[in-house]
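One letter stands for each residue in the lines below.
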Amino acid sequence: MQRPDICIAGAGIIGLSLALELHERGARVTVLDRSTPLSEASTAAAGMLAARDPHDPLQLRPLSDLSLSLYPAFLDHLQSLSSHQIPFHTNVTLQSVEPNTQANLLTPEELTHLLPQLNPRNQNFTLLHEHSLDPRELAAALLAAVSTTSIDLRPHSPVRLVRSISNDIIEVHTPTDAIHATKFIDCTGAWSTASISPPHLSITPRKGQMLAVALPLSLPLDLVLRTPEIYIVPRTTGPNAGRAIIGATIEDVGFDKTVHPADIDRLRTLAVDLLPDLTHAPQLEAWAGLRPATPDGLPLLGPIPGQKNQFIATGHYRNGILLAPATAHVMAQLLSGEPPSIDLEPYSPDRTA
């Protein structure tokens, strides 16, 4: 039997970022994944580091701000290990807001200057200084970085059972093996294996369908456009330069990832309403991902109630890419017995309703 210090279930952006952080601290880490690493929500995302999205819960802000502060070093570290550069594709976002907001509303003249092709349709916009990146580029760098370490990454190894067999040994069963570790962390996203109590904090999959189109020459988009209904995120460099990601639906349909042409057509219609130049933009691909959601929209970060030496880090919903560095940082602090950099009470797995 293997005896790592820490066993992580889930090799998505959260699980592998945490594995690297723990490895840097000297821990022996095993990561199990039910499928192929980084093949689910981590690479289905649009890649917006949207810490100032007005539709996020206010309690998310401290974790979001911490993650933004850690992001430059996070990307530099991945590049140093993997030799993969992970560029930011955009640096600003046009965000639709309510007219009574405290945000600085852009004048029609300012909107025209920033994006002359925009048809605002009586919506109000503000300018947010936020970055976006390509999650597929991030995933490639993260996987390459992990491969340079002693982290034991095991694809196609779903967790079947987790149990404590002594005060300091957790036994984790897969279909082919039993692993003994000192601590266990559930980072399986929408597939969370933990039995969380109370039930108002259960993880549910929220399906999101998306598409990519080729940007016409008349629309050299270099910023993100986001409203409550839709976002349009361009890729401005690298092999995918000249395309834009359009998304996304929010559906409660369990683990169904079927892509429906009618839903994709509706997303295109919403995009064309804002940017008529997209009317004849060729569709390049369409896909669906499953976001791990909690009822209050906040992640679960901390010890699993009633389970000694078992932890959870999931429920990041639409912000897994944004929150990966901060989640890895604070969870590594918890697992090392250090006080976390921020108050984790709002994200506690045993928080009240």
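Bear in mind that the values here come from a model prediction, so they are computed numbers and not experimental data.

Enquirer: Help me understand the sheet that holds strand 9 (residues 169-173) in this model?
Expert: Across a sheet, paired strands are connected by hydrogen bonds in the backbone, their directions being either parallel or antiparallel. Spatial strand order, 8-9-10: three strands in an open sheet with antiparallel pairing. The sheet is open, and its two borders are formed by strand 8 (161-166) and strand 10 (178-181), each paired with just one other strand. Looking at each pair of strands side by side, their axes are set apart by 25° on average, direction ignored. Where strand 8 lies against strand 9, five bridges are found, and the strand directions are antiparallel. Note that in strand 9 the partner of Arg163 across the bridge is Glu171.

Enquirer: Looking at this structure, I do not really get the pattern of salt bridges. What am I missing?
Expert: As a working rule, side chains carrying opposite charge can pair if their charged atoms are close by. This structure, assessed with the given rule, holds 20 salt bridges. A salt bridge links Glu130 to Arg226, with the shortest nitrogen-to-oxygen separation between them at 2.7 Å. Of this pair, Glu130 sits in the loop between strand 5 (124-128) and strand 6 (132-133) while Arg226 sits in strand 13 (residues 224-226), and the two are 96 residues apart along the sequence. Its relative accessible area of 4% is what places Arg226 among the buried residues. What emerges from the salt-bridge pattern is a single network uniting Asp53, Asp56, Glu130, Arg226 and Arg318.

How each quantity is defined
Residues numbered from 1 in each chain as written. Predicted model: local features only at pLDDT ≥ 70, side-chain atom pairs only at ≥ 80, totals over all residues. Heavy atoms only, no water. Pairing = 2+ DSSP bridges. Helix = DSSP H or I, 4+ residues; strand = E, 2+ residues; numbered from the N terminus. Axes fitted to C-alpha atoms, helices over the stretch in contact; angles between N-to-C directions. Salt bridge = Lys/Arg side-chain N within 4 Å of Asp/Glu carboxyl O. Buried < 20%, exposed > 50% of the residue type's maximum accessible area, 1.4 Å probe, protein only.

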